[in-house]
Amino acid sequence: QVQLVESGGGLAQPGGSLRLSCSPSRSIFLINIMGWYRQAPGKQREAVAQMRSVDGVATYADSVKGRFTIFRDNAENTLYLQMISLKAEDTAVYYCYLNEKGYDYWGQGTQVTVSS
């Protein structure tokens, strides 16, 4: 088992920025996929960004390309999501995700609200 601890959510103005972080409770297997999903009220959970550990390749939802950046600090065992040029439609609960050895793990979620 592994717990994913997220932080960094909050309130931002349109055009503003936030950085989310996700720290696993233990060292994770070298080959894994980590990423971020989000769920807005009344909508299904959707993938935002994910990164493969084996080659560092990142993929993004079309709605966030050019505005969000996913990156990892392996020394700190932490995953980040840098969000800039935030829009009201980015408002959602953001969840950290880990796929390790075929098992899926989820964080508890952190609220991001974009509003003036």
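See above for the structure.
A brief look at the structure comes next. (Residues numbered from 1 in each chain as written. Predicted model: local features only at pLDDT ≥ 70, side-chain atom pairs only at ≥ 80, totals over all residues. Heavy atoms only, no water.)

**A few points about the overall build of the protein chain**
Tallying secondary structure elements over the protein chain gives zero helices and eleven strands in all. The order of α-helices and β-strands along the protein chain, N terminus first, is β-β-β-β-β-β-β-β-β-β-β. A compact globule built from 116 residues would reach a C-alpha radius of gyration of about 13 Å, and the protein chain, at 13 Å, matches this within 12%. Structurally, the protein chain occupies a C-alpha span of about 40 × 25 × 25 Å along its principal axes. Out of the 116 residues in the protein chain, the part that is buried amounts to 41%. Sequence-distant contacts, at least 24 apart, represent 52% of the contacts inside the protein chain between residues at least 6 apart. (Helix = DSSP H or I, 4+ residues; strand = E, 2+ residues; numbered from the N terminus. Rg over C-alpha atoms; globule rule 2.2 N^0.38 Å. Buried < 20%, exposed > 50% of the residue type's maximum accessible area, 1.4 Å probe, protein only. Contact = heavy atoms within 4.5 Å.)

**Comments concerning the pairing of strand β8 (residues 78-83)**
The buried fraction of β8 amounts to six of the six residues, a majority that puts the element mostly inside the structure. Side chains Thr78, Tyr80 and Gln82 project from β8 onto one buried face, and the interleaved Leu79, Leu81 and Met83 project onto a second face that is buried too. Here strand β3 (residues 18-24) pairs with β8 via five bridges, running antiparallel. In the strand pairing of β8, Leu18 is matched with Met83. Bridge count for strand β7 (residues 68-73) against β8 is six bridges, and the pairing is antiparallel. In the sheet register, Ile70 faces β8, and the bridge partner there is Leu81. (Pairing = 2+ DSSP bridges.)

**Topic: a nonpolar patch on the surface**
On the surface, Phe29, Leu30, Ile31 and Val54 cluster together to form a nonpolar patch covering roughly 450 Å² of accessible area. The class of Phe29 is partly exposed, set by a relative accessible area of 38%. (Patch = residues over 30% accessible without salt bridge, like charges linked within 9 Å, V, L, I, M, F, W, Y side chains within 5 Å. Areas by Shrake-Rupley, 256 points an atom, 1.4 Å probe, with all protein chains shown as cover. Salt bridge = Lys/Arg side-chain N within 4 Å of Asp/Glu carboxyl O.)

**A word on the side chain of Asn99**
You can see Asn99 is positioned in strand β9 (residues 92-100). Among the polar contacts listed, one links the side chain of Asn99 to the side chain of Asp104, at a separation of 2.7 Å. With sequence-adjacent residues up to four places away left out, Asn99 is seen in contact with Asn32, Ile33 and Asp104. (Polar contact = N/O pair within 3.5 Å; in protein donor to acceptor, adjacent residues only side chain to side chain.)

**Digging into the pattern of salt bridges**
Once the charged atoms of two side chains with opposite charge are near each other, the side chains can pair. Applying the stated criterion to the full structure yields six salt bridges. Residues Asp62 and Lys65 are paired through a salt bridge, measuring 3.1 Å at the closest nitrogen-oxygen approach. For the pair formed by Asp62 and Lys65, the shared burial category is exposed. With its nearest N and O atoms 2.7 Å apart, the salt bridge here joins Arg67 to Asp90. Of this pair, Arg67 sits in the loop between β6 (58-60) and β7 while Asp90 sits in the loop between β8 and β9, and the two are 23 residues apart along the sequence. Salt bridges linked by common partners bring Arg38, Glu46, Arg67 and Asp90 together as one network.

In short, shape yes, function no, at least from these values alone.
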